[in-house]
Amino acid sequence: MPAALGRGLNDVTQVIEAPSSVTVRNAGDFAGVLLGAVQEGGDIDIDLSDLAEVDLSFVQLLLAARAHVEQEGARFGLAQPAVPALAALLDRAGFLGDLRPADIEFWFHGELPQ
């Protein structure tokens, strides 16, 4: 569930904890949590600490939420760089072929994995 971290008197970043598994079988559950946070508005960080199993449904959810939140003038990011399971998926799916600097910052906090 979302937790709030203060950044100032009026600025709050919602932190959404990703479950250990987000695949097509259970993506709807995570989508519901993410949608609630997006509808609440403001900046959002996704905590990947527990994420171990992931497929493209997770990537699609993040990209859609990121586009919407940024269009609203807020920030959408990852609380930490992509965990190994997510980085491997991004590589297999071809997302790492021609990354823009903003994408490198989003997925890997500025440093591509070696």
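The paragraphs below set out a description of the structure included in this document. (Residues numbered from 1 in each chain as written. Predicted model: local features only at pLDDT ≥ 70, side-chain atom pairs only at ≥ 80, totals over all residues. Heavy atoms only, no water.)

Some points on the packing of aromatic side chains
Enumeration over the complete set of coordinates arrives at 3 aromatic pairs. When the ring of Phe-30 is compared with that of Phe-58, the centres are 5.5 Å apart and the planes differ by 40 degrees; the resulting orientation is tilted. Taken together, the residues span a long stretch of sequence, with Phe-30 in helix H1 (residues 27-40) and Phe-58 in helix H2 (residues 56-71) at a distance of 28 residues. A relative accessible area of 3% places Phe-30 in the buried class. What makes Phe-58 buried here is its relative accessible area of 0%. With a centroid separation of 6.1 Å and 20 degrees between ring planes, the pair formed by Phe-76 and Phe-106 is classed as stacked. With a gap of 30 residues between them, Phe-76 in strand S6 (residues 76-78) and Phe-106 in helix H4 (residues 101-108) connect regions that are remote in the sequence. (Phe/Tyr/Trp six-rings, centres within 6.5 Å; stacked < 30°, edge-to-face > 60°. Helix = DSSP H or I, 4+ residues; strand = E, 2+ residues; numbered from the N terminus. Buried < 20%, exposed > 50% of the residue type's maximum accessible area, 1.4 Å probe, protein only.)

Observations regarding the pattern of salt bridges
Where side chains of opposite charge bring their charged atoms close, a pairing between them can arise. With the rule as written, the count across this model stands at 5 salt bridges. In this structure, Arg-25 and Glu-53 form a salt bridge, with 3.4 Å as the shortest nitrogen-oxygen distance. Taken together, the positions of Arg-25 in the loop between strand S3 (21-22) and H1 and Glu-53 in strand S5 (residues 53-54) put the pair 28 residues apart, joining distant regions of the chain. The salt bridge involving Asp-103 is made with Arg-100; its shortest N-O contact spans 3.1 Å. For Asp-103, a relative accessible area of 13% gives the class buried. Put simply, Arg-66, Glu-70, Arg-100 and Asp-103 are held in one network by salt bridges that share partners. (Salt bridge = Lys/Arg side-chain N within 4 Å of Asp/Glu carboxyl O.)

Details of the packing of H1 against H2
For the pair H1 and H2, the least separation of the axes is 11 Å and the interaxial angle reads 10 degrees. Relative to H2, H1 is oriented roughly parallel. Along its contact with H1, which presents Ala-27, Phe-30, Ala-31, Leu-34 and Val-38, the element H2 presents Ser-57, Phe-58, Leu-61, Ala-65, His-68 and Val-69. Grouping the amino acids of the contact of H1 with H2 by side-chain chemistry returns 9 nonpolar, 2 polar and no charged. (Axes fitted to C-alpha atoms, helices over the stretch in contact; angles between N-to-C directions. Parallel < 35°, antiparallel > 145°, perpendicular 65-115°, else oblique. Contact = heavy atoms within 4.5 Å. Nonpolar A, V, L, I, M, F, W, Y, C, P; charged D, E, K, R; others polar.)

Considering a nonpolar patch on the surface
Where nonpolar side chains cluster on the molecular surface, the patch consists of Leu-56, Leu-63 and Phe-95 and spans about 220 Å² of accessible area. Following the sequence through the fold, Leu-56 ends up in helix H2. Under the relative-accessibility criterion, Leu-56 is labelled partly exposed at 39%. (Patch = residues over 30% accessible without salt bridge, like charges linked within 9 Å, V, L, I, M, F, W, Y side chains within 5 Å. Areas by Shrake-Rupley, 256 points an atom, 1.4 Å probe, with all protein chains shown as cover.)

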